[in-house]
Amino acid sequence: MNIITATADGSNTLYNETIGEHYHSKHGALQESKHVFIEAGLKFATQHKNEVSILEVGFGTGLNFVLSLDYCTNRQIKLDYTSIEAFPLTTDVINQTGYAEYVSPETWTSFITNYESSLRSAQALTSLCHLEIAAKPLAEFATDKKFDLIYYDAFSVQHQPEMWSDEIIAHVCSFLNPGGIFVTYAITGKLKRAVKACGFTIEKLPGAPGKREMLRAGRSCAKDIPLGKA
Ligand SMILES: C[S@@+](CC[C@H](N)C(=O)[O-])C[C@H]1O[C@@H](n2cnc3c(N)ncnc32)[C@H](O)[C@@H]1O
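Residues numbered from 1 in each chain as written. Predicted model: local features only at pLDDT ≥ 70, side-chain atom pairs only at ≥ 80, totals over all residues.

Take the overall build of the chain next. Helix and strand counts for the chain stand at six helices and eleven strands. Taken over C-alpha atoms, the radius of gyration comes to 16 Å for the chain, in line with the 17 Å a tight globule of 230 residues would show. Reported as C-alpha extents along the three principal axes, the dimensions of the chain are approximately 45 × 40 × 35 Å. The buried share of the chain, reckoned over its 230 residues, is 41%. (Helix = DSSP H or I, 4+ residues; strand = E, 2+ residues; numbered from the N terminus. Rg over C-alpha atoms; globule rule 2.2 N^0.38 Å. Buried ≥ 20, exposed ≤ 12 C-beta atoms within 10 Å, placed from the backbone.)

Laid out in C-alpha cells, this is it:
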C-alpha cells in the first residue's frame, strides 16, 4: 500500500508501507529529483549533445521522467528513455501526486496518456521522445542496448539491500556506453567500490537537501569530459 505524503519543499511523495520507505527524500521530492537526476545527471550528460538515452532503475511515480522530458523538450534534445519498475503504480495513483504542476501541460498529457502502453512496449510520446518501462525486477532486465545516462533510483540500502549488492550494481553498469554517466542520490564506501570495480571513475558531489553527498560516476572515453576524483 502506498500513501501520498507531503515533503518539505511542498511536493508530494509516496510512502511504501511494505518497504517502509518514501519514494523520494522527505526533505523535498521535487528538489531531490532536480538536483540529483536533472542537474547532476541530465544537464551534465547533454552539455555537448542533442540526444540522450537514459536507463532509470525505479520508475515509480515518473517524476524523474517528466522532469527529463520537459528539460529535453525545451532544448530540442532527443530523448530515448527506458525505465525498469518491478511494481508499476496505477495511473490513478500517479495522477494523485500533483506532479502535473511541475511540467508543461503537453509533457504531462503525453506522459499520462501513454503510461500504461509504455509498460507493454516502447511508445513515441512526441517526435523527440520514446518511453519504455520494463515491468520486471532489475535482476531480470536484459537488453542489447547501451545507454548514455543511468538514473539509479532504488529504495535505500537500509530497506532494500539487494538493490545495492556488488552483483546488481555490476549488472546495471554493464548497460552504460563508454563516456556514459551513472548518477544516484546515495554514496557509501561499498557503492563506490562496486562502481570502481566496473572500471568507472567516481565523483562525490554535494547531495540534495538532507544529504551531504551524492555519487556521479562514469566510464571514461577519450573525448569525454573528465570526472573528478573522490
Ligand atoms: C525510490 S523509488 C523510485 C522513485 C521514482 N524514480 C520516482 O520518481 O517516483 C524505488 C522504485 O524501485 C522500484 N523497485 C523495487 N524493487 C525493484 C526491483 N527489484 N527492480 C526494479 N524496480 C524496483 C519500486 O517499486 C519503486 O518504484
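On to the sheet that holds strand 2 (residues 12-16). The three strands are arranged 1-2-3 in an open sheet whose pairing can be described as antiparallel. The open sheet has two edge strands with one neighbour each: strand 1 (2-6) and strand 3 (21-22). When strand 2 meets strand 3, the two strands line up antiparallel, connected through two bridges. When the sheet's bridge partners are listed, Tyr 15 is paired in strand 3 with His 22. (Pairing = 2+ DSSP bridges.)

The local shell around the ligand holds 16 residues, among which Gly 58, Gly 60, Thr 61, Leu 63 and Pro 137 are the closest. Looking at the shell around the ligand, its residues break down into ten nonpolar, four polar and two charged. (Near = placed C-beta within 6 Å. Nonpolar A, V, L, I, M, F, W, Y, C, P; charged D, E, K, R; others polar.)

This part is about helix 4 (residues 105-118). Here helix 4 spans 19 Å end to end across 14 residues, near enough to the 20 Å set by a 1.5 Å rise per residue. At Ile 112, helix 4 is bent by approximately 30 degrees, the largest bend along its length. Burial in helix 4 covers these residues: Thr 107, Ser 110, Phe 111, Tyr 115 and Ser 118. Contact partners of the buried residues in helix 4: helix 2 (63-74), helix 3 (91-96), strand 6 (123-126) and strand 7 (129-134). (Expected span 1.5 Å × (residues − 1). Bend = angle between axes of the 7 residues up to and from the residue. Contact = placed C-beta atoms within 7 Å.)

Their axes nearest at 10 Å, the elements helix 1 (residues 29-45) and helix 2 cross at an angle of 55 degrees. On the basis of the axis angle, helix 1 is oblique to helix 2. For the pair helix 1 and helix 2, the crossing hand works out as right-handed. Contact residues: helix 1 offers Ala 29, Ser 33, Lys 34, Phe 37, Ile 38 and Leu 42, while helix 2 offers Leu 63, Asn 64, Leu 67, Ser 68 and Tyr 71. Partitioning the contact of helix 1 with helix 2 into residue classes produces seven nonpolar, three polar and one charged. (Axes fitted to C-alpha atoms, helices over the stretch in contact; angles between N-to-C directions. Parallel < 35°, antiparallel > 145°, perpendicular 65-115°, else oblique. Left-handed = near helix turned anticlockwise from the far one by under 90°.)

Right, let's get into helix 2. Between the first and last C-alpha of helix 2 there are 17 Å, a value that for twelve residues agrees with the 16 Å anticipated at 1.5 Å per step. For helix 2, a buried count of nine out of twelve residues is recorded, marking the element as mostly surrounded by other parts of the structure. When we look at burial in helix 2, the residues that qualify are Leu 63, Asn 64, Phe 65, Val 66, Leu 67, Ser 68, Leu 69, Tyr 71 and Cys 72. Contacts from the buried residues of helix 2 go to helix 1, strand 4 (51-57), strand 5 (78-84), helix 4, strand 7 and strand 8 (147-152).

As a further point, take the sheet that holds strand 11 (residues 213-218). Sheet architecture is open: eight strands sit in the order 6-7-5-4-8-9-11-10, paired in mixed fashion. Bordering the open sheet on either side are strand 6 and strand 10 (201-206), each of which pairs with just one other strand. When strand polarity is set aside, the average angle formed by the axes of neighbouring strands in this sheet is 20 degrees. Of the pairings in the sheet, the one linking strand 6 to strand 7 comprises three bridges and is antiparallel in character. Paired with Thr 126 across the two strands is Cys 129, which belongs to strand 7. Where helix 4 meets the sheet, it contacts strand 6 and strand 7, and its direction lies at approximately 175 degrees from that of strand 6.

Moving on: the packing of helix 5 (residues 166-173) against helix 6 (residues 189-196). The geometry of helix 5 relative to helix 6 is characterised by a closest axis approach of 9 Å and an angle of 45 degrees between their N-to-C directions. Between helix 5 and helix 6, the angle falls in the class oblique. For the element pair helix 5 and helix 6, the recorded crossing hand is right-handed. Residues Asp 166, Ile 169, Ala 170 and Cys 173 of helix 5 lie in contact with helix 6, whose contacting residues are Leu 191, Ala 194 and Val 195. In terms of residue class, the contact of helix 5 with helix 6 is built from six nonpolar, no polar and one charged.

In short, the description is geometric, and any link to function would need to be established separately.
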